Amino acid sequence: MDSSPLILVVCALIALAVALAKLKARLELSKAKHRSLAGHARLARRIAALVPFYDYDETRFFRSDDPPDDVAVRRRAGFARLSALYRERYAKTAALTAEVEDGISDLQFTTAYRVPFQYSRFARKHLKSGAFVQSSEGVMLGDLDGNRFYDLTGSYGVNVLGYDFYKECVERGAAMVRDLGPVLGPYHPVVADNVERLRAISGQDEVSFHMSGTEAVMQAVRLARYHTGRPKLVRFCGAYHGWWGDVQPGVGNPLAARDTYTLKDLSEDSLRVLRHRHDIACVLVNPLQALHPNASAPADSALVDSGRGAHVDRAAYTGWLQRLRAVCTERRIVLIFDEVFVGFRIAAGGAQEYFGVRADMVTYGKTLGGGLPVGVICGRRDLMKRFRDDRPVDICFARGTFNSHPYVMAAMHEFLRRLEDEDIRRLYRGLDELWDGRAERLNRRLRDARLPVAVANLSSIWTVCYTRPSRYNWMLQYYLRAEGLALSWIGTGRLIFSLNYTDADFDAVADRFIAAAAAMERDGWWWCGADATNAAIRRRVLREMLTHRFAFLRG
Ligand SMILES: Cc1ncc(COP(=O)(O)O)c(C=O)c1O
């Protein structure tokens, strides 16, 4: 009997089964994407490329939400007052900034992206605060004009224990390695002590030193790919892991990241993908996402409306990390906690201690350098190994001229050593109660004063949220500065406190915060029409963009 029809049928059935399995895997992946643009990296990049530039002239700047005339007049008067104050108070700092701005590309970027682009040019022209500071002391910064500000920038998260603490780490560290100087390659003996302390803190077997958080993440992912033989990394929607291409697949990266899956936080759909796919090397978790799952870092330049939300549900996030841990163990996927930001901040033992979940690798950076630049990986021995005993040429390369730099290692040593001191240990006790209590107190005062602002926090990392639909929330950053509160360039999206803030320091910040918000309310920026909603604001902005993009809609 001729068997070829039977073989054909079997082949067709196998092909169908393979196609169906592929389709199922593809559908599962689609289902595990967050519905926002942050969950669709490629689409986000395509849409970003279509958004046209336009901005508001002087009249529109004050009237972009069609307020009554008297409100526009109040806004204009408030803006003029603020502008005069800035001109006078920050004169030297602003002058030096203007002098260097066209030579520093990073500065041009951060200056332009402080507020939504429609308002940026006008705000930049009239509210020049400057990019220079020259001193720090306690929780204060000083600028070139002699102004003092409460520091809420936290130096991007580096400043956990107060600037004076880091000055001491750097000075004592420099004294410790002075005889060796900047010799690279061989280690200064202080490295041995750092490794022991880091192993104890992280509960991991081995340590590797790098020069930035971004590099530590790059190497952790490379090691996971090397040891699993799988190409894909999973990151969660909105999570920041530095600016390396594979972990930043959306807007900001000119290339598509081919080997990255961006999945939903806190979602069974994502766990299903991890359970069923065979190409996933590692899962990267930035525990800061507990504050705003599935959303990107909240920058004021994205404050189109008042839709920014944040809230920590510690029990829910802990449960999520536990489930993630179990699936990663079951599927031999490497679980990497990226603690570059939250390590040594939310607890002395970082997120692993705070959430009670052990990762396979942990990346640290920022504060761990004792005030100097650093990135560190602590990980399981089998994952940290960069060569194979049975295949000597199959290696996983990672070097870096400045890794284990003696000055950095010595400052790190001071940092780690001081963590054991009683005055520092005391700062970590009751940390959440302290910072949650402070946030609650400020929120109560804001509510009592009927101001449309509320704060949310993960310990000492805070986000300002807005409770009334408005297009002008980003103005608050300028009022806060006028009250002597220094924010980073992303504005009210992230206030970072150092743990050496006393109650008196905090109360002073709260007083100024209330004063700034009250002035902004008085000046009419939070006026809101009876039928205003955040959705209506977004629709309106979308309409504006479309009419600027497509000439035929302008008629
Ligand atoms: C969680 C996380 N990972 C990685 C990085 C990148 O670190 P670096 O800026 O030192 O390269 C950051 C920086 O903010 C971060 O917050």
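S.K.: Could you give me a rundown of the sheet that holds strand β3 (residues 148–151), with the residues and numbers involved?
M.R.: The strand order across the open sheet formed by 4 strands is β1-β2-β3-β13, and the pairing between neighbours is mixed. A single partner strand is all that each edge strand has here, and the edge strands are β1 (135–137) and β13 (485–486). The sheet contact formed by β3 and β13 spans 2 bridges and is parallel. The partner of Tyr 150 across the bridge, within β13, is Leu 485. Across the sheet, helix α8 (residues 163–177) lies against β1, β2 (140–142) and β3, angled at about 110° from β1, the strand it touches most. Against the sheet, helix α19 (residues 503–522) makes contact with β3 and β13, and its axis sits at roughly 105° relative to β3, the strand it touches most.

S.K.: Kindly report on empty space enclosed by the protein, identifying the contributing residues and their values.
M.R.: On inspection of all chains with the given rule, the structure shows 1 cavity of 30 Å³ or more. Considered as a void within the structure, the largest cavity measures approximately 30 Å³ in volume. Surrounding the largest cavity, Leu 152, Leu 442, Trp 462, Leu 495, Phe 497, Phe 506, Val 509 and Phe 513 form its lining. Classifying every residue of the lining of the largest cavity gives 8 nonpolar, no polar and no charged.

S.K.: How would you summarise the packing of aromatic side chains if you had to cite specific residues and measurements?
M.R.: Scanning all chains against the criterion turns up 41 aromatic pairs. Taking 6.0 Å as the distance between ring centres and 70° as the angle between the ring planes, the aromatic pair formed by Phe 61 and Trp 474 counts as edge-to-face. With Phe 61 in helix α3 (residues 58–63) and Trp 474 in the loop between β12 (461–466) and α18 (476–482), the pair connects residues that are 413 residues apart, well separated along the chain. Comparing Phe 61 with Trp 474 shows no difference in burial state: the two are buried. Consider the rings of Phe 62 and Phe 79, whose centres lie 5.5 Å apart with planes at 80°: the pair is edge-to-face. With Phe 62 in helix α3 and Phe 79 in helix α4 (residues 69–89), the pair connects residues that are 17 residues apart, well separated along the chain. By relative accessible area, which is 2% here, Phe 62 ends up buried.

S.K.: Run through the nonpolar core, naming residues and quoting values.
M.R.: As a rule of thumb, nonpolar side chains are buried together in soluble globular proteins. In terms of nonpolar packing, the biggest core is built from 127 residues, with Leu 476 and Phe 513 touching the most fellow members. Examining the composition of this core, we find that 10 residues originate from one element, α19, more than from any other. Once you skip the residues sitting within four places of it in the chain, Leu 476 turns out to touch Val 453, Val 464, Tyr 466, Thr 492, Phe 513, Ala 516, Ala 517, Met 520 and Trp 526. By size, the runner-up hydrophobic cluster in this structure holds 20 residues, among which are Ala 281, Leu 284, Val 334 and Ile 377.

S.K.: Could you give me a rundown of the sheet that holds strand β5 (residues 232–236), with the residues and numbers involved?
M.R.: Read from one edge of the open sheet, 7 strands run β4-β10-β9-β8-β7-β5-β6, paired in mixed fashion. Since the sheet does not close on itself, it has two edges, and those belong to β4 (206–210) and β6 (260–263), each with one partner. Direction aside, neighbouring strands of the sheet carry axes that sit 20° apart on average. Two elements, β4 and strand β10 (residues 375–379), share 5 bridges in a ladder whose sense is antiparallel. Along β10, the bridge assignment pairs Val 207 with Cys 378. Seen against the sheet, helix α11 (residues 268–276) touches β5, β6 and β7 (280–285) and runs at an angle of roughly 150° to β7. Where helix α12 (residues 314–331) meets the sheet, its contacts fall on β5, β7 and β8 (334–338), and the angle it forms with β7 comes to roughly 165°.

S.K.: Quick rundown of the layout of surface pockets? Include the residues and the values.
M.R.: Approximately 1,000 Å³ is the volume found for the second largest pocket. If you list the elements that add at least two residues to the lining of the second largest pocket, you get α5 (91–100), α6 (105–112), α7 (117–126), β1, α18 and β13. A total of 4 residues in the lining of the second largest pocket trace back to one element, the largest contributor, which is α6.

S.K.: Run through the pairing of β3, naming residues and quoting values.
M.R.: In the sheet, β2 pairs with β3 via 3 bridges, with the strands oriented antiparallel. Looking across to β3, one finds that Leu 141 is bridged to Phe 149. Between the end of β2 and the start of β3, which pair antiparallel, lie 5 residues, with Gly 146 showing a positive phi angle near 85°.

S.K.: Talk me through α8; I want residue IDs and the actual numbers.
M.R.: With 15 residues, α8 extends 21 Å from end C-alpha to end C-alpha; this agrees with the ideal 21 Å at 1.5 Å per step. Of all the positions in α8, only Tyr 163, Phe 165, Tyr 166, Cys 169, Gly 173, Ala 174 and Val 177 are classed as buried. Looking straight down α8, one finds that the buried residues subtend no more than 160° of arc, so they occupy a single side.

S.K.: Give a detailed account of the packing of α11 against α12, specifying residues and quantitative values.
M.R.: Describing two packed helices takes the angle between their axes plus the distance from one axis to the other. At a closest axis distance of 9 Å, the pairing of α11 and α12 adopts a crossing angle of 10°. Classified by the interaxial angle, the pair formed by α11 and α12 is roughly parallel. You can see that α11 and α12 cross each other, and the crossing is right-handed. Residues Glu 268, Ser 270, Leu 271, Leu 274 and Arg 275 of α11 form the contact with α12, whose participating residues are Trp 320, Arg 323, Leu 324, Val 327, Glu 330 and Arg 331. Each residue belonging to the contact of α11 with α12 can be placed in one class, and the counts come to 5 nonpolar, 1 polar and 5 charged.

S.K.: Account for unusual backbone geometry, with residues named and values stated.
M.R.: For Leu 266, which is not glycine, the phi torsion reads 55° and is therefore positive. Position of Leu 266 among the secondary structure elements: in the loop between β6 and α11. On the accessibility criterion, Leu 266 (36% relative accessible area) is partly exposed. Of note in this structure, Arg 450 is not a glycine but carries a positive phi near 55°. Mapping Arg 450 onto the fold places it in the loop between α17 (431–448) and β11 (453–458). For Arg 450, a relative accessible area of 69% puts it in the exposed group.

S.K.: Tell me about the pairing of β10, and please be specific about residues and values.
M.R.: In terms of residue burial, β10 counts as a mostly covered element, since 5 of its 5 residues are buried. Neither face of β10 is left uncovered, since the one carrying Gly 375, Ile 377 and Gly 379 and the one carrying Val 376 and Cys 378 both have all their residues buried. Relative to β10, strand β9 (residues 361–365) runs antiparallel, the two being bridged by 5 bridges. Among the inter-strand pairings, Val 362 is bridged to a residue of β10, identified as Cys 378.

S.K.: Tell me about the site of the ligand, and name the residues and values.
M.R.: Around the ligand, the neighbouring residues are Ser 212, Gly 213, Thr 214, Tyr 240, His 241, Gly 242, Asn 286, Asp 338, Val 340, Phe 341 and Lys 366. Thr 214 is positioned such that a nitrogen or oxygen atom in its side chain is 2.5 Å from an oxygen atom of the ligand. One nitrogen or oxygen atom from the side chain of Asp 338 is found 2.6 Å from a nitrogen atom belonging to the ligand. Relative to its free-state accessible area of 390 Å², the ligand is covered by the protein chains to the extent of 83%. Looking at the shell around the ligand, its residues break down into 3 nonpolar, 6 polar and 2 charged.

Thresholds, definitions, all that
Residues numbered from 1 in each chain as written. Predicted model: local features only at pLDDT ≥ 70, side-chain atom pairs only at ≥ 80, totals over all residues. Heavy atoms only, no water. Pairing = 2+ DSSP bridges. Helix = DSSP H or I, 4+ residues; strand = E, 2+ residues; numbered from the N terminus. Contact = heavy atoms within 4.5 Å. Axes fitted to C-alpha atoms, helices over the stretch in contact; angles between N-to-C directions. 1 Å grid on protein atoms, 1.4 Å probe; cavity = no way out; pocket = protein on both sides within 12 Å on 5 of 7 lines; lining within 4 Å. Points joined across faces, edges and corners; volume = space filled by probe spheres on them. Nonpolar A, V, L, I, M, F, W, Y, C, P; charged D, E, K, R; others polar. Phe/Tyr/Trp six-rings, centres within 6.5 Å; stacked < 30°, edge-to-face > 60°. Buried < 20%, exposed > 50% of the residue type's maximum accessible area, 1.4 Å probe, protein only. Core = buried A, V, L, I, M, F, W, Y, C linked by side-chain atoms within 4.5 Å. Expected span 1.5 Å × (residues − 1). Arc of directions from axis to C-beta. Parallel < 35°, antiparallel > 145°, perpendicular 65-115°, else oblique. Left-handed = near helix turned anticlockwise from the far one by under 90°. Near = heavy atom within 4 Å. Polar contact = N/O pair within 3.5 Å; in protein donor to acceptor, adjacent residues only side chain to side chain. Areas by Shrake-Rupley, 256 points an atom, 1.4 Å probe, with all protein chains shown as cover.

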